[in-house]
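The chain contents come next:
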Amino acid sequence: MNIIHISAECYPIAKVGGLADVVGSLPKYQSELGENSIVIMPFYDNAFTKNNTFETHYASVLNLGRDYHFKVLSLKDNTLGYDLFFIDIPELLFKDYVYSEDDTERFLAFQIAALNWVLQLKKENTVVHCHDHHTGLIPFMMSHCYTYEALKATPSILTIHNAQYQGWFSHDKVHLIPKFDLSNIGLLDWDNVINPLAAAIKCSWRVTTVSPSYMEELKEKANGLERLLQHESAKCVGILNGIDTDVWNAETDGFIIKNYSQKTILSGKKANKAWLCKEFNLDSKRPLFAFIGRLVGEKGAGLFPEIFDKALSADKISLLLLGSGHESIQDSLQALKPKHKGVYNTFIGYDEKLSHIIYAGADFLLMPSRVEPCGLNQMYSLRYGTIPVVSSVGGLKDTVIDIKNDGFGIRHDQVKIEDVAEAIKRATNLYSDDSRFKKIRKQIMSIDHSWNASAKAYIDLYNSLT
Ligand code: ADP
């Protein structure tokens, strides 16, 4: 089968969050299962495109109010485990960022160019797998735009990685979409605007979310799309994300300070923790709690300054945060530093290497998310022997079992200051119970969250359509 993933992000080429990790690893596992799984993504101006060489596969012109020349490039000397193609539209996509304030034209052009090329491939037994709203108009275009008539019988699948962002734009811009019978305009509309995510939910053959619990939650709370998801529930299914166990392997990870296995976890984690504590001036005798991620409401970040202040005042812990997001939250987190000197620090920004060292060196990973479609951080932390302290939401609910229930993590039901503080206290108590703490963190390293099962679940889903 030919599986064509179309996405704005793909690790290691361009990553903003978990979407990149998923699109960068699922095709590899699908290819290992014998399928021809490829990725199409934009050609950005970044370190990856600067440091690699590409060859041109196809060149053409697309119309988006005016003509734009574009090329389809492929990566030379590709060792990723799947074929990777880029849509190069210099004026729109070749930027040093992935997303900006108004991405309507950029991602519309990307989707049109990608489909124009898919049309040329003329391959039998193909499925088109779209990821999030940036590729949400593709299922509509395949089934309703005259130019893509030949793709009408090709199944399209949408995976929702995050339903908060929907790519809304006004009806004034509808003329930018390739021509279609205007009686179908309702398929693009939701609440009087063009809504690419809603259009994809309506028009794709199947809709998946990145965890079963998130699918259920979206039917109750989906930033305005609840009714639509309830209505389309027959074609919706939650498939838990996997992780790339080659990239996320403490035994071979080239980013971390000292590699380790389950057998050598004691010395391995100790060395990584020692490096972090020295680098960030933290007390290494205390349990080290960490947070990695976007500083936005979905991650519970609005509460962090108060939660951290309370926990650092009440418990003997060290705390390190890596992330960026709302400026006011960043400022409040920075402002706490003098009060908790020697036990608290932050790195405001994005740093892939540092994130790996934190997964390896921390004792506990905090994820008090309000919304967590799947969450990859808790799975990386388990694999590196770091105990997750999480809220009971979305994918966190599907992957973390509380120690109270013979599990291996700490969960709190509400994202409230008192509940998170209580969870941190329970984690600190666990840390004091040295033999239990060490037993659990060794045990969690062998929990299998690789893509093996989920990559197969996606293939079964495609097979049910072709
Ligand atoms: P989301 O996609 O909602 O941001 P996920 O848990 O699905 O959350 O994935 C987040 C990914 O991004 C993980 O690989 C995490 O390590 C990484 N990440 C997030 N913020 C940072 C950061 N500031 N520096 C390095 N990696 C980060």
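Before any of the text, the structure's been laid out above.
The written sequence of each chain sets the order in which its residues are numbered from 1. Side-chain atom pairs in this predicted model are given and counted only at pLDDT of 80 or more, local residue features only at pLDDT of at least 70, and totals for whole chains, interfaces and linings cover all residues. For side-chain calculations, the full set of non-hydrogen atoms in the structure is used, while hydrogens and water are omitted.

(A) Structural view of the site of the ligand. Throughout this document, a residue counts as near a molecule or strand when at least one of its heavy atoms sits within 4 Å of that molecule or strand. Looking at the ligand, there are 19 residues lining it, with Lys 15, Gly 18, Asp 21, Gly 349 and Tyr 359 nearest. Counting of polar contacts relies on pairs of N or O atoms within 3.5 Å, with two restrictions inside protein: one atom must be capable of donating a hydrogen and the other of accepting it, and residues adjacent in sequence are counted only when both atoms are side-chain atoms. Note that an oxygen atom of the ligand is positioned 2.9 Å from one of the side-chain N or O atoms of Lys 299. Shrake-Rupley sampling with a 1.4 Å probe provides the accessible areas, and residues are treated as covered by the protein chains on show and by no other component. The protein chains hide 92% of the 570 Å² of surface that the ligand would expose on its own. Mapped by element, the contributors of at least two residues to the shell around the ligand are helix 1 (18–32), strand 12 (288–295), strand 13 (318–325), helix 11 (352–361) and helix 12 (377–383). If one sorts the elements of the shell around the ligand by residue count, strand 12 sits on top with 3 residues. Here the nonpolar group is Ala, Val, Leu, Ile, Met, Phe, Trp, Tyr, Cys and Pro; Asp, Glu, Lys and Arg are the charged ones; every other residue, Gly included, is treated as polar. Among the residues making up the shell around the ligand, the classes are represented as 6 nonpolar, 8 polar and 5 charged. Per the annotation, domain bounds derive from an automatic or database assignment of domains. Split by domain, the shell around the ligand shows at least three residues from each of two domains, domain 1 (2–242 + 451–465) and domain 2 (265–444). Strands are runs of DSSP state E lasting at least 2 residues, helices are runs of H or I lasting at least 4, and numbering of each runs from the N terminus.

(B) How the structure looks around the packing of helix 9 (residues 304–314) against helix 14 (residues 417–432). Relative orientation of the contacting elements helix 9 and helix 14 amounts to 40°, with a least axis distance of 10 Å. In terms of their interaxial angle, helix 9 and helix 14 are classed as oblique. Handedness of the crossing formed by helix 9 with helix 14: right-handed. Of the residues in helix 14, those in contact with Glu 306, Ile 307, Lys 310, Ala 311 and Ala 314 of helix 9 are Ile 417, Val 420, Ala 421, Ile 424 and Lys 425. Per-class residue counts for the contact of helix 9 with helix 14 are 7 nonpolar, no polar and 3 charged. Angles shown run from 0 to 180 degrees and are taken between the N-to-C directions of axes, each axis being a line fitted to C-alpha atoms and, for helices, limited to the stretch in contact. For this classification, under 35 degrees means roughly parallel, over 145 means roughly antiparallel, 65 to 115 means roughly perpendicular, and everything else is oblique. It is the rotation of the near helix from the far one that decides the hand of a crossing: anticlockwise by less than a right angle makes it left-handed, clockwise makes it right-handed. Any two residues having at least one pair of non-hydrogen atoms within 4.5 Å are treated as being in contact.

(C) Spatial organisation of helix 1. What a helix should span is 1.5 Å times the count of its residues minus one. Between its first and last C-alpha, helix 1 extends 22 Å over 15 residues, near the 21 Å set by a 1.5 Å rise per residue. Between buried and exposed lies partly exposed: a residue is buried under 20% and exposed over 50% of the maximum accessible area for its type, with that area taken using a 1.4 Å probe on protein chains only. Where burial is concerned, most of helix 1 is hidden: 12 out of the 15 residues are buried. Leu 19, Ala 20, Asp 21, Val 22, Val 23, Gly 24, Ser 25, Leu 26, Pro 27, Lys 28, Tyr 29 and Gln 30 are the residues of helix 1 that are buried. Just past helix 1, the residue Gly 34 takes up positive phi, approximately 95°.

(D) Layout of the pattern of salt bridges. Any Lys or Arg side-chain nitrogen located within 4 Å of an Asp or Glu carboxyl oxygen qualifies as a salt bridge. Under the criterion given, the structure shown has 23 salt bridges. Lys 299 serves as the salt-bridge partner of Glu 372, at 3.0 Å between the closest nitrogen and oxygen. With a gap of 73 residues between them, Glu 372 in the loop between strand 15 (364–367) and helix 12 and Lys 299 in the loop between strand 12 and helix 9 connect regions that are remote in the sequence. A salt bridge links Arg 441 to Asp 363, with the shortest nitrogen-to-oxygen separation between them at 3.5 Å.

(E) Broad picture of the packing of aromatic side chains. Stacked, edge-to-face and tilted labels apply to pairs of Phe, Tyr and Trp rings (six-membered ring for Trp) whose centres lie within 6.5 Å, assigned for plane angles under 30 degrees, over 60, and everything in between, in that order. In the structure shown here, the tally under the stated rule is 20 aromatic pairs. With a centroid separation of 5.1 Å and 20° between ring planes, the pair formed by Phe 304 and Phe 308 is classed as stacked. A residue pair is termed a helical-turn pair when its members lie 3 or 4 positions apart in one helix, as Phe 304 and Phe 308 do in helix 9 at 4 residues. Classification of Phe 308 by relative accessible area gives buried; the value is 2%. Between Phe 308 and Tyr 344 the ring centres are 6.2 Å apart and the planes differ by 65°, which places this aromatic pair in the edge-to-face class. A residue pair is termed long-range when its members are at least 10 positions apart, and Phe 308 in helix 9 and Tyr 344 in strand 14 (residues 344–348) qualify at 36 residues. The exposure classification of Phe 308 matches that of Tyr 344, with both residues buried. By way of ring pairs, the aromatic residues Phe 43, Phe 54, Phe 86 and Phe 94 are connected into one cluster. Over the aromatic face of Tyr 68 sits the side chain of Arg 66, whose NZ or CZ is 4.1 Å from the ring centroid. Working rule: Lys NZ or Arg CZ, within 6 Å of ring centre, within 35 degrees of ring normal, means a charge sits over the ring.

Coordinates in, geometry out; function isn't part of it.
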